[in-house]
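# Chain and residue survey
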Amino acid sequence: MPLRARQRCHAVLTGLTALVLPLALTAASAQAAPVPAADTWTEVGSDRADPLTESQGLASVEVPAGSPNRYTGIGTIPLGLSARGWNHVGDPDASYDGHYVEPYQRDDGNTKMFRVQAPDGRWSEYVHTLSPGEARNNSWSAITPDGQWMLSGEWGTMNRLLVFPTPGVNPATSPSANLPQAATVHLDHAVRDVQGCDFLDATTLLCSSDDPEGALFGVTKPLLRIDLSAASDGTADVTGQVTALRQLPLRSACSGSFEAEGVDYDRRTGTLRVIVVSPGFCVLTDSKTYRFTRS
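For clarity, every value in this text was computed on a predicted model and none was experimentally measured. (Residues numbered from 1 in each chain as written. Predicted model: local features only at pLDDT ≥ 70, side-chain atom pairs only at ≥ 80, totals over all residues. Heavy atoms only, no water.)

## Some details on the sheet that holds strand E19 (residues 288-294)
Strand order in the open sheet formed by four strands is E1-E19-E18-E17, and the pairing between neighbours is antiparallel. The sheet terminates laterally at strand E1 (41-48) and strand E17 (259-266), the two strands that pair on one side only. With strand direction ignored, the average angle separating the axes of adjacent strands in the sheet is 25 degrees. Sheet topology places E1 next to E19; seven bridges connect them, and they run antiparallel. Bridging from a neighbouring strand, Glu43 pairs with Phe292 of E19. (Pairing = 2+ DSSP bridges. Helix = DSSP H or I, 4+ residues; strand = E, 2+ residues; numbered from the N terminus. Axes fitted to C-alpha atoms, helices over the stretch in contact; angles between N-to-C directions.)

Structure follows, in structure tokens:
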């Protein structure tokens, strides 16, 4: 989420502590018809998303067994990281062996950071120095099913995804060395404001887009599918075919601009979850994590 969006969320949350405001209720916004696509993801339920701790991203963790789902938000950033300038956390992911990765960004400098928790609970930090032309935003991380490689993306209108060795998992990585970009996924269709991606299988990604315009796919806030030409192994670039599957749910007691956030696919249950933050004051009351299953 860019600085302008973070400022909106911060302003709403700060105002809550100082003011008692009436809710200006309006009719719930209508959801646009789904875009025809190769497969269908049907909404099966939702849970309230806490605006402080569940408003940026989410991940299911398989190891250790019985681990709870993880979430990120403004309130999950450790004070020590924030004091060092890492003031935004994006959509995390976890490898199947239990390494949990959070993407961080800052408002200045030429680096982005991935914070990793190993299955034994220990944390470490891996910093990436931006390549020429690379945007500073660090909105999400998505770990390949084999655990060795990690995809990430940039904010804005983009025709690529970035590939890194998975920090803390790939033996080529070290907290004391720069985390290098290993390869690129070249997309056949531009995407805008991707907030999260997760692997459905080795060559398929599901992504949430916060696109507010709708010109790229004929619908705003789409759920995207990206089919890779080959499994990404970090040794060569691959291509990605982009398809818009449907519009994400946009329902709230308030009218205004919604924000699509992180995404998670849990292979154990076949459940896809996506966070959608409500507009205005309703960010506090009816933001949701929506659940979908494939049909």
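## A short note on the confidence of the model for the protein chain
Considering every residue of the protein chain, the mean pLDDT works out to 90; 87% of them sit at 70 or more. Confidence over residues 3-37 falls short of pLDDT 50; this stretch has 59 contacts with residues more than four positions distant or in other chains. (pLDDT = per-residue confidence, 0-100. Contact = heavy atoms within 4.5 Å.)

## Notes on the sheet that holds strand E12 (residues 183-192)
One open sheet holds the eight strands; their spatial order is E9-E10-E11-E12-E16-E15-E14-E13, and the pairing between them is mixed. Two strands close off the open sheet at either side, each with one partner strand: strand E9 (141-143) and strand E13 (194-201). Averaged over all pairs of adjacent strands, the angle between their axes in this sheet comes to 25 degrees, without regard to strand direction. Here strand E15 (residues 222-228) pairs with strand E16 (residues 238-247) via seven bridges, running antiparallel.

## Focus on the pairing of strand E6 (residues 100-105)
A regular strand carries its side chains on alternate faces of the sheet. Counting buried residues along E6, six of its six residues qualify, which places the element largely inside the surrounding structure. Neither face of E6 is exposed, since Tyr100, Glu102 and Tyr104 on one face and Val101, Pro103 and Gln105 on the opposite face are all buried. Pairing of strand E4 (residues 88-89) with E6, which is carried by two bridges, proceeds in the antiparallel orientation. Bridging across to E6, His88 finds its partner in Gln105. Note: strand E5 (residues 93-94) against E6, two bridges, orientation antiparallel. Among the inter-strand pairings, Asp93 is bridged to a residue of E6, identified as Val101. Here E5 hands over to E6 after five residues, with Gly98 in that stretch at a positive phi of 100 degrees. Relative to strand E7 (residues 111-117), E6 runs antiparallel, the two being bridged by five bridges. (Buried < 20%, exposed > 50% of the residue type's maximum accessible area, 1.4 Å probe, protein only.)

## A look at the packing of aromatic side chains
Describing an aromatic ring pair means giving the distance of the ring centres and the angle of the ring planes. Tallying each qualifying case throughout the model produces three aromatic pairs. Taken together, a centroid distance of 6.0 Å and an interplanar angle of 85 degrees make the contact between Trp41 and Tyr265 edge-to-face. Here the residue Trp41 occupies a position in strand E1, and Tyr265 occupies one in strand E17, the gap between them amounting to 224 residues. On the basis of relative accessible area, Trp41 is assigned to the buried category, the value being 3%. In this structure, Arg106 packs its charged tip against the face of Trp86, placed 5.0 Å from the ring centre. (Phe/Tyr/Trp six-rings, centres within 6.5 Å; stacked < 30°, edge-to-face > 60°. Lys NZ or Arg CZ within 6 Å of the ring centre and 35° of its normal.)

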